[in-house]
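So the chains spell out like this:
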Amino acid sequence: MTFGPAFRKLMLTAHITFSVGWLGAVAVFLALAVTGLTSHEAPLVRAAYLAMGLSGWLVLVPSSFAALLTGVVQALGTPWGLFKHYWVVVKLLLTVAATVLLLVHMQPISYLAEVAAKSDLSSTELRGMRLRLIADAVAAFVVLLAATTISVYKPWGRIGNWLQQRNAEPGAVAALPTSRGQYVLLALLGLVVVFIIVHLLGWGLGHH
């Protein structure tokens, strides 16, 4: 299935817009998290965490789903395909992982916003959770930046090349690609899996 040029450009524009918006929102979120941890002005700290709660549900979550949806639609409607190239699969996995972890993290983010709305936060109150907000915001920024870089450079080649090698020699066991790029691919996939498992087990922001 291949879409017409007009619709493909529309999806590409939408995907870039939501992806860049998501990345920018994470950068703002990181600035708010740092402000909430380091500022000694109670009104500013309160405003920072309230803004994080609002921006999380009204900007970050919608942007993540929109970027994921438009990316999938664009891949399915172009010659790149969704499972034809390594870079598309890696970017898809990174985006899905970032979206899932964002939803997991929204619970403690909302909790901090509720606490800030009721009373002033001291410099030591919930400090571990507030530090974790910064760490996860940095991690999210790096993941989204990696996904953006991958979409620009499009590394690693076609998945079909390995499948063709396997089908060309019936009965033989095809070797996995062993280029440096494929090792990077496997390392990224492993890190994503470990990161998701750790957070879903409650060792992330929700563990306090």
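Residues numbered from 1 in each chain as written. Predicted model: local features only at pLDDT ≥ 70, side-chain atom pairs only at ≥ 80, totals over all residues. Heavy atoms only, no water.

### Digging into the confidence of the model for the protein chain
Spelled out, the test is: Across the chain, each position has a pLDDT score giving the predictor's confidence in that residue, from 0 to 100. Whether two residues are in contact is decided by their heavy atoms, any of which lying within 4.5 Å being enough.
Chain-level statistics for the protein chain give a pLDDT mean of 82 and a share of 76% at 70 or above. In this model, residues 172-178 is a region of pLDDT below 50 whose contacts with residues beyond four sequence positions or in other chains number 10 contacts. Confidence over residues 203-208 falls short of pLDDT 50; this stretch has 15 contacts with residues more than four positions distant or in other chains.

### Observations regarding the packing of aromatic side chains
Let me state the cut-off plainly: Two rings belonging to Phe, Tyr or Trp (six-membered ring only in the last case) form a pair when the distance between their centres is within 6.5 Å. Interplanar angles under 30 degrees mark stacking, angles over 60 mark edge-to-face geometry, and anything in between is tilted. Burial classes follow relative accessibility: with a 1.4 Å probe on protein chains only, a residue under 20% of its type's maximum area counts as buried, one over 50% as exposed, and anything between as partly exposed. By the criterion adopted, a ring carries a charge over it if an Arg CZ or a Lys NZ lies within 6 Å of its centre and within 35 degrees of its normal.
Considering all chains together, one arrives at two aromatic pairs under this definition. Taking 4.9 Å as the distance between ring centres and 75° as the angle between the ring planes, the aromatic pair formed by F3 and F7 counts as edge-to-face. Overall, F3 belongs to the partly exposed group, its relative accessible area being 22%. Judged by centre distance (5.2 Å) and plane angle (85°), the rings of W80 and W87 are edge-to-face. The ring of W87 has K154 lying over it, and the distance from NZ or CZ to the ring centre is 5.2 Å.

### A closer look at a nonpolar patch on the surface
Basically, it comes down to this: Note that patches include only residues with greater than 30% relative accessible area and no salt bridge, and the join distances are 9 Å for like charges and 5 Å for nonpolar side chains (Val, Leu, Ile, Met, Phe, Trp, Tyr). Accessible areas in this description were obtained via Shrake-Rupley with a 1.4 Å probe; residue shielding takes into account the shown protein chains only. We define a salt bridge as a contact between a side-chain nitrogen of Lys or Arg and a carboxyl oxygen of Asp or Glu at a distance within 4 Å. Going along the chain from the N terminus, every DSSP run of H or I of four or more residues is numbered as a helix, and every run of E of two or more is numbered as a strand.
Where nonpolar side chains cluster on the molecular surface, the patch consists of L54, W57, L58, V59, F65 and L103 and spans about 600 Å² of accessible area. Ranked by residues supplied to the nonpolar patch, first place goes to helix α2 (residues 42-76) with five residues. Within the secondary structure, L103 is located in helix α3 (residues 86-118). Residue class for L103 comes out partly exposed when judged on its relative accessible area of 36%.

### Thoughts on the nonpolar core
Cut-off, in case you're wondering: As used here, the term nonpolar core means buried Ala, Val, Leu, Ile, Met, Phe, Trp, Tyr and Cys residues forming a set that is joined through side-chain atoms within 4.5 Å.
Among the nonpolar cores identified, the biggest contains 26 residues, and W22, F29, Y49, L60, L121 and L133 are the most heavily contacted of them. The set of elements that each furnish at least two residues to this core consists of α1 (5-38), α2, α3 and α4 (127-153). Not counting chain neighbours up to four residues away, the residues in contact with W22 comprise L60, S63, S64, A67, T95, A98, T99, L102 and L144.

### As for unusual backbone geometry
With glycine set apart, most residues show a phi of negative sign, and most peptide bonds adopt trans. The phi torsion at L126 lies on the positive side, around 55°, for a residue other than glycine. With a phi close to 50°, K154 is a non-glycine residue in the positive phi region. For K154, the location among the structural elements is in the loop between α4 and α5 (160-168). On the basis of relative accessibility, which here comes to 32%, the residue K154 falls in the partly exposed class.

### A short note on the side chain of S64
Within the secondary structure, S64 is located in helix α2. Exposure remark for S64: the relative accessible area of 1% places this residue in the buried category. If we skip the residues at most four places from it in the chain, S64 touches W22, T99 and L102.

### What about the pattern of salt bridges?
Taken as a whole, this structure holds two salt bridges when the rule is applied. As a salt-bridge pair, D120 and R46 come within 2.9 Å of each other at their nearest N and O atoms. One end of the pair, D120, is in the loop between α3 and α4; the other, R46, is in helix α2, and 74 residues separate them in sequence. Residue classification places D120 among the partly exposed residues on the basis of a relative accessible area of 44%. Taking the relative accessible area as the measure of exposure, R46 reaches 29% and is therefore partly exposed.

### A few points about α3
Operational definition: To estimate how far a helix should reach, multiply one less than its number of residues by 1.5 Å. One axis is fitted to the seven residues ending at the residue and one to the seven starting there. The bend at that residue is the angle between these axes.
Between its terminal C-alpha atoms α3 stretches 48 Å, which fits the 48 Å expected from 33 residues at 1.5 Å a residue. Along α3, the sharpest change in direction is near 35° and occurs at M106; proline P108 comes one to four residues later.

### What to know about α4
The α-helix advances 3.6 residues per turn, and as a result positions three or four apart in sequence lie on the same side. With 27 residues, α4 should cover 39 Å at 1.5 Å per step; its first-to-last C-alpha distance of 39 Å lies within 8% of that length. Regarding α4, the residues found buried are M129, R130, L133, I134, D136, A137, L144, A147, I150 and S151. The first or second residue beyond α4 is K154, which carries a positive phi of 50°.

### Side note on the packing of α1 against α4
Where we set the bar: Axis angles are defined between N-to-C directions and span 0 to 180 degrees, where every axis is a line fitted to C-alpha atoms and, for a helix, only to the segment in contact. Each angle receives one of four descriptions, namely roughly parallel if under 35 degrees, roughly antiparallel if over 145, roughly perpendicular if within 65 to 115, and oblique otherwise. Each crossing is labelled by how the near helix is turned from the far one, with a counterclockwise turn of less than a right angle marking it left-handed and a clockwise turn marking it right-handed. Residue type decides the class: Asp, Glu, Lys and Arg count as charged, Ala, Val, Leu, Ile, Met, Phe, Trp, Tyr, Cys and Pro as nonpolar, and the leftover types, Gly among them, as polar.
In the contact formed by α1 and α4, the axes pass within 9 Å of each other and the chain directions differ by 160°. It follows that α1 is roughly antiparallel to α4 by the angle criterion. When you trace α1 past α4, the crossing you get is left-handed. On α4, the residues touching W22, L23, V26, A27, F29, L30, A33, V34, G36 and L37 of α1 are R127, R130, L131, L133, I134, A137, V138, A140, F141, L144, L145 and T148. Tallied by class, residues from the contact of α1 with α4 come to 18 nonpolar, two polar and two charged.

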